[in-house]
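# An overview of the molecular structure
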Amino acid sequence: MVLIRETIRAMRMILLLWLLTAIIYPLAILGFGQLAFPSSANGSIVLNIDAQAIGSSLIGQVFTSDKYFHTRPSAVRYSQGSKARPTGISGGSNLAPSNSELTNRIIKEATQFEDENIQPVADLIYTSGSGLDPHISLKATRQQLTRVTQARGIKESDIIPLINKYTDGRFLGIFGEPGVNVLRLNYALDLQEINLQQNQ
C-alpha cells in the first residue's frame, strides 16, 4: 500500500515538473520575448517593401552583383544569386591551415579582389568560424565603395550616410570592432535606388 502511494506521489511530482519545465516556462519565455523583443524573437527578419522576407539581419547572405557590398565568404553556400534567399543552412569548413583546398579558396578570393585593384582585408577573404557572420569591417566596406558607386551610378556621398546608419558598434561598447550589416545596407541601397527612379 505504501509503495502504491509513493508511486502515485512520484508520478504527480513528475507530471508537475513536466508541466512547469516543458509547458509553462517555455510558453512564458516565448510570450515575454514576443512582447519585449518581437523582432529578435522572430529571427530579426528583414522584409522588403512587399512584406516578403529577404533574410535575417543576424545571418550573412551571399551577394554577387557589383551593385552590392559583398559579405564575408562562407564555407556553406546558403544563398545563390544577386539577392539573398536564406535556407537556414550554416556551417564552417573545418579545414586545417595546411589543407590545400583552403589555400586554393583563399588565393581565388584574393585574386578576384586584385583584379579590382583591391588589397583585401582579412574579412573579405577568410570565413568566420560559424560561416554566418552578417557584418564586415568598415575598412572592408570602404574597399568596395568604388565598385558599388560605379555599378549604381551614384556618388560616394550618397552611400556613406547609409554605411554610418547600418554600422553596429562594439558589443557592450567595449568588445570587438564596429561592423557594417551587409544585408541591411544592401537593401537600403535598393530602396534608395527605387526612390531616385520614382523622383525622376
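The coordinates are above.
Here's a quick rundown of the structure. (Residues numbered from 1 in each chain as written. Predicted model: local features only at pLDDT ≥ 70, side-chain atom pairs only at ≥ 80, totals over all residues. Heavy atoms only, no water.)

## A look at the overall build of the protein chain
Within the protein chain one finds 7 helices and 5 strands. Traced from its N-terminal end to its C-terminal end, the protein chain shows the element sequence α-α-β-β-α-α-β-α-α-β-β-α. Computed over its C-alpha atoms, the radius of gyration of the protein chain comes to 23 Å, more than 25% above the 16 Å expected for a compact globule of 200 residues. In terms of its C-alpha atoms, the protein chain occupies a principal-axis envelope of roughly 85 × 50 × 35 Å. Looking at the 200 residues of the protein chain, the share that counts as buried comes to 32%. For the protein chain, contacts bridging at least 24 residues in sequence account for 53% of all contacts bridging at least 6. When the accessible surface of the protein chain is split by element, carbon and sulfur atoms take 60% of a total near 13,000 Å². Side-chain charges in the protein chain split into 18 positive and 16 negative, and the spacing between the mean points of these groups amounts to 9 Å. (Helix = DSSP H or I, 4+ residues; strand = E, 2+ residues; numbered from the N terminus. Rg over C-alpha atoms; globule rule 2.2 N^0.38 Å. Buried < 20%, exposed > 50% of the residue type's maximum accessible area, 1.4 Å probe, protein only. Contact = heavy atoms within 4.5 Å. Areas by Shrake-Rupley, 256 points an atom, 1.4 Å probe, with all protein chains shown as cover. Lys, Arg positive; Asp, Glu negative; His and termini not counted. Charge placed at Lys NZ, Arg CZ, Asp CG, Glu CD.)

## Describing the pairing of strand β2 (residues 53-56)
Judged from the 3 bridges that link them, strand β1 (residues 45-47) and β2 form a sheet pairing that is antiparallel. Within β2, the residue paired with L47 across the bridge is A53. The antiparallel pairing of β1 with β2 creates a hairpin that spans 5 residues between the two strands, and A51 there sits at a positive phi of about 60°. (Pairing = 2+ DSSP bridges.)

## With respect to the packing of aromatic side chains
By the definition in use, this model includes 2 aromatic pairs. Geometrically, the ring pair formed by F63 and Y68 is tilted, given 5.2 Å between the ring centres and 40° between the ring planes. Owing to a relative accessible area of 7%, F63 belongs among the buried residues under this scheme. Residue Y68 is classed as buried on the basis of its relative accessible area, which comes to 4%. The ring of Y68 carries R152 above its face, with NZ or CZ at 5.2 Å from the centroid. (Phe/Tyr/Trp six-rings, centres within 6.5 Å; stacked < 30°, edge-to-face > 60°. Lys NZ or Arg CZ within 6 Å of the ring centre and 35° of its normal.)

## Focus: the nonpolar core
Of all hydrophobic cores here, the largest spans 29 residues; its most connected members are F69, I159, L162, I163, L185 and L189. Elements supplying a minimum of two residues to this core: α3 (100-115), α4 (122-125), α5 (138-152), α6 (156-165) and α7 (182-199). Among the elements that line this core, the one with the most residues is α7, at 6 residues. For L185, the contacting residues outside a window of four places in its chain are F69, T141, L162, I163, Y166 and V180. (Core = buried A, V, L, I, M, F, W, Y, C linked by side-chain atoms within 4.5 Å.)

## Concerning the pattern of salt bridges
In the structure shown here, the tally under the stated rule is 8 salt bridges. Residue E193 is joined to K67 by a salt bridge in which the shortest nitrogen-to-oxygen separation is 3.4 Å. Taken together, the residues E193 in helix α7 and K67 in the loop between β2 and α3 connect sequence positions 126 residues apart. You can call E193 partly exposed: its relative accessible area is 23%. Given a relative accessible area of 28%, K67 falls into the partly exposed group. Note that R105 is salt-bridged to E109, the shortest N-O span being 3.8 Å. Of this pair, R105 and E109 both sit in helix α3, 4 residues apart, which is roughly one turn of the helix. For R105, a relative accessible area of 24% puts it in the partly exposed group. Salt bridges here are not isolated pairs; linked through shared partners, they connect K67, R152, D190 and E193. (Salt bridge = Lys/Arg side-chain N within 4 Å of Asp/Glu carboxyl O.)

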